[in-house]
Amino acid sequence: MSHSVDRRSFLRYSLMAGGATGALGVSGLLAACSSSSSSSASGAEKVQLSWIKNIEFAGEYHALSKGYYKAAGFTPDPELITGGGAGTGVETGLTSKKVWTGTTAPQLTAPVILQGAKLKTVAATFQKNPFCIMSSESKPITTPAEMKGKKIGVQASNENVFKALLTANGLTEDDIQKITVQYDPTPLTKGEVDGWVAYTTNEPITLAAQGFATATLPFADHNLPLVAETFVVRQETIDTERDKLKRFLKAEVMGWNDAVADPQKSAELAVNVYGKSLGLKMDDQLKQAQAQNLLVASADTKANGLLTMTEELIDANIEALAKAGYSIKAADIFDMSLINEVHQENPDLKKA
């Protein structure tokens with residue numbers, strides 16, 4: 001199976017399993033807090049990515065290549081740090097003050113906050129998370145109810161988010177045959193399982209390129225509307241560097257506006273520049289760019305601007321987190337005031 005299918009992709013959200021937070025654990029994360037600087041020796045602010053430098057960070061690539069960060073006063077440009085492994089998540093970097101900000105997800109941030117970390121989500125790139133139940137196009141699973149009695153491949157790292165999907169749709173594990181699997185979806189192509197926990201922006205695209213057509217059941221469209229690729233910072237950053245953070249978010253919006261408008265250029269930047277060492281395939285990255293743009297841009301972002309969250313979406317995420325086992329107040333995890341101010345103060349920002 002190709003590198004892009006052997007997903008790793010779930011690693012960045014794997015901390016959700018059992019409420020864990022990687023090798024250190026929550027207590028280890030908090031104990032790791034130190035006075036170390038979030039800036040590198042060159043003075044660049046470190047931005048921790050949730051994964052490898054593939055198409056998922058197209059907005060950041062546009063912002064770098066077109067000088068949006070520099071125009072926002074960041075000289076040198078922010079330093080993009082590859083993430084994804086256990087113990088290397090954004091929450092780890094933030095609580096240890098090794099990074100300034102980064103991309104993560106509410107189900108990773110919530111448990112760390114509940115243990116006392118002073119972190120806040122200040123923007124949401126993906127208005128919908130990419131989790132889905134992937135099935136064969138010839139035997140599609142189109143509703144949660146259709147999972148009843150079926151064999152569903154679930155990675156250990158995705159146990160909680162899958163349970164949350166079941167709970168949100170009035171199902172229990174007794175209703176399905178859960179099969180613990182790894183990340184290579186070959187068992188689905190061989191008919192050994194009927195469904196597979198995957199990402200709409202990855203495995204279905206790669207399997208299609210290999211001649212195996214799939215159907216997808218997005219979690220976000222079936223009562224589990226968690227956002228993804230969220231920017232999280234320490235509360236002290238909001239308190240002491242609010243203007244700087246807003247300038248950064250403005251550059252992000254500009255970069256993602258370009259990414260939504262030009263997925264071909266996004267793929268070229270990922271394949272030929274920022275992810276050049278990864279051996280990424282142009283056609284694969286282009287299709288993933290087009291798929292993720294559907295998660296980035298929505299009717300709400302057309303009205304309010306990219307990276308924003310409506311009050312309704314915030315409330316829906318709080319409900320989804322509760323279903324996943326994390327009871328947290330909206331004010332304790334979300335602060336959308338900065339990104340809202342960015343759009344209010346810059347009405348010329350294109351709405352994508």
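It should be emphasised that the depicted structure is a prediction, and the values quoted were computed from it without experimental measurement. Counting starts from 1 at the beginning of each chain's written sequence and moves along it residue by residue. Only residues with pLDDT of 70 or above have their local features reported here, since the model is predicted, and side-chain atom pairs are shown and tallied only from 80 upward, although totals for entire chains, interfaces and linings are computed over all residues. Hydrogens and waters are ignored; side-chain quantities use all the structure's heavy atoms.

Student: So what exactly am I meant to see when it comes to the overall build of the protein chain here?
Tutor: Helix and strand assignments come from DSSP, with helices taken as H or I runs of at least 4 residues and strands as E runs of at least 2, each series counted from the N terminus. Broken down by element type, the protein chain carries 16 helices and ten strands. A burial count over the protein chain gives 57% of its 352 residues as buried. Residue contacts are counted whenever heavy atoms from the two residues lie within 4.5 Å of one another. Taking contacts inside the protein chain between residues at least 6 apart in sequence as the whole, the part at least 24 apart equals 82%. Reported accessibility uses the Shrake-Rupley method at a 1.4 Å probe radius. Residues are deemed covered only where the shown protein chains occlude them. For the protein chain, the accessible area works out to roughly 13,400 Å², and carbon and sulfur atoms hold 51% of it. The buried label goes to any residue with under 20% of its type's maximum accessible area, the exposed label to any with over 50%, and the partly exposed label to all in between, with areas taken from a 1.4 Å probe on protein chains only.

Student: How should I be thinking about the confidence of the model for the protein chain in this particular structure?
Tutor: For every residue, the predictor states its confidence as a pLDDT score lying anywhere from 0 to 100. In this model, the protein chain carries a mean pLDDT of 88, and residues with pLDDT of at least 70 account for 86%. Predicted confidence for residues 1-37 stays below pLDDT 50, and this span has 106 contacts to residues more than four positions away or in other chains.

Student: I tried to follow the sheet that holds strand 5 (residues 131-136) on my own but got confused; where do I start?
Tutor: Pairing between the strands of a sheet comes from backbone hydrogen bonds, and it takes one of two forms, parallel or antiparallel. Strand order across the open sheet formed by five strands is 7-6-8-5-9, with mixed pairing between neighbours. The two strands at the open ends of the sheet, each matched to only one other strand, are strand 7 (177-181) and strand 9 (214-218). If you compare each strand with its neighbour and ignore which way they point, the axes differ by 35° on average. One bridge is not enough; two strands pair if DSSP finds at least two bridges between them. In this structure, strand 5 lies alongside strand 9, joined through five bridges in antiparallel fashion. Helix axes use the C-alpha atoms of the stretch in contact, all axes being lines fitted to C-alpha atoms, and the angles between their N-to-C directions lie in the range 0 to 180 degrees.

Student: Is there a simple way to think about the pattern of salt bridges in this case?
Tutor: Pairing between side chains of opposite charge can happen when their charged atoms approach one another. Salt bridge, as applied in this entry: a Lys or Arg side-chain nitrogen positioned within 4 Å of an Asp or Glu carboxyl oxygen. Scanning all chains against the criterion turns up 14 salt bridges. The closest approach of N and O atoms between Arg234 and Glu236, which form a salt bridge, is 3.5 Å. Given a relative accessible area of 37%, Glu236 falls into the partly exposed group. A salt bridge links Lys246 to Glu341, with the nearest nitrogen and oxygen atoms 2.9 Å apart. Of this pair, Lys246 sits in helix 10 (residues 242-261) while Glu341 sits in helix 16 (residues 337-345), and the two are 95 residues apart along the sequence. Assessed through its relative accessible area of 21%, Glu341 is described here as partly exposed. Put simply, Arg242, Lys246, Glu341 and Glu345 are held in one network by salt bridges that share partners.

Student: How should the side chain of Thr201 be read in this particular structure?
Tutor: Relative to the helices and strands, Thr201 is located in the loop between strand 8 (195-199) and helix 8 (203-209). For Thr201, a relative accessible area of 6% corresponds to the buried category. Contact partners of Thr201, with chain neighbours within four places excluded, come to Pro130, Gln288, Ala291, Gln292 and Leu295.

Student: Please explain the packing of aromatic side chains as it appears in this structure.
Tutor: Here a ring pair, both rings aromatic, is described through the centre-centre distance and the interplanar angle of the planes. When two rings of Phe, Tyr or Trp (its six-membered ring) have centres within 6.5 Å they constitute a pair, described as stacked for plane angles under 30 degrees, edge-to-face for angles over 60, and tilted for the intermediate range. Applying the stated criterion to the full structure yields eight aromatic pairs. A ring pair is formed by Tyr69 and Phe248, whose centres lie 5.8 Å apart and whose planes are at 15°; its orientation type is stacked. In this pair, Tyr69 is assigned in helix 3 (residues 68-71) and Phe248 in helix 10, connecting sequence segments 179 residues apart. Given the relative accessible area of 0%, Tyr69 is considered buried. For Phe248, a relative accessible area of 0% gives the class buried. Ring centres of Trp100 and Phe248 lie 5.5 Å apart, and the angle between their planes is 90°; on these two criteria the pair is classed as edge-to-face. With Trp100 in the loop between helix 4 (90-95) and strand 3 (101-104) and Phe248 in helix 10, this pair connects stretches of sequence that are 148 residues apart. The pair Trp100 / Phe248 is uniform in exposure class, with both members buried. Here the aromatic residues Tyr69, Phe74, Trp100, Phe231 and Phe248 are joined through ring pairs into a cluster of three or more.

Student: What's the story with the environment of Lys287 in this structure? I'm lost.
Tutor: Relative to the helices and strands, Lys287 resides in helix 12 (residues 282-296). Through-space distance from the C-alpha of Lys287 to that of Pro263 is 8.4 Å; in sequence the pair is 24 residues apart.

Student: Before we go on, may I ask you to explain the packing of helix 2 (residues 58-65) against helix 10 in this structure?
Tutor: The description of two helices packed together rests on the angle between their axes and the distance between the axes. Running from amino to carboxyl end, helix 2 crosses helix 10 at an angle of 110°, the nearest separation of the two axes being 7 Å. As the angle between them shows, helix 2 and helix 10 are arranged roughly perpendicular. Taking contact as the criterion, the partners of Ala58, Gly59, Glu60, His62 and Ala63 in helix 2 are, on helix 10, Ala251, Glu252, Gly255, Trp256, Asp258 and Ala259. For this scheme, ten residues count as nonpolar: Ala, Val, Leu, Ile, Met, Phe, Trp, Tyr, Cys and Pro. Four count as charged, namely Asp, Glu, Lys and Arg, and the remainder, Gly too, count as polar. For the contact of helix 2 with helix 10, a count of residues per class yields five nonpolar, three polar and three charged. Convention used here: angles under 35 degrees read as roughly parallel, angles over 145 as roughly antiparallel, angles from 65 to 115 as roughly perpendicular, and any remaining angle as oblique.

Student: In this structure, what is going on with the environment of Glu60? I would like to understand it.
Tutor: Residue placement: Glu60 occurs in helix 2. Of the residues examined, Glu60 reaches a relative accessible area of 2% and is grouped as buried. Discounting residues that sit within four places of it in the chain, Glu60 has contacts with Tyr69, Leu80, Phe231, Glu252 and Trp256.

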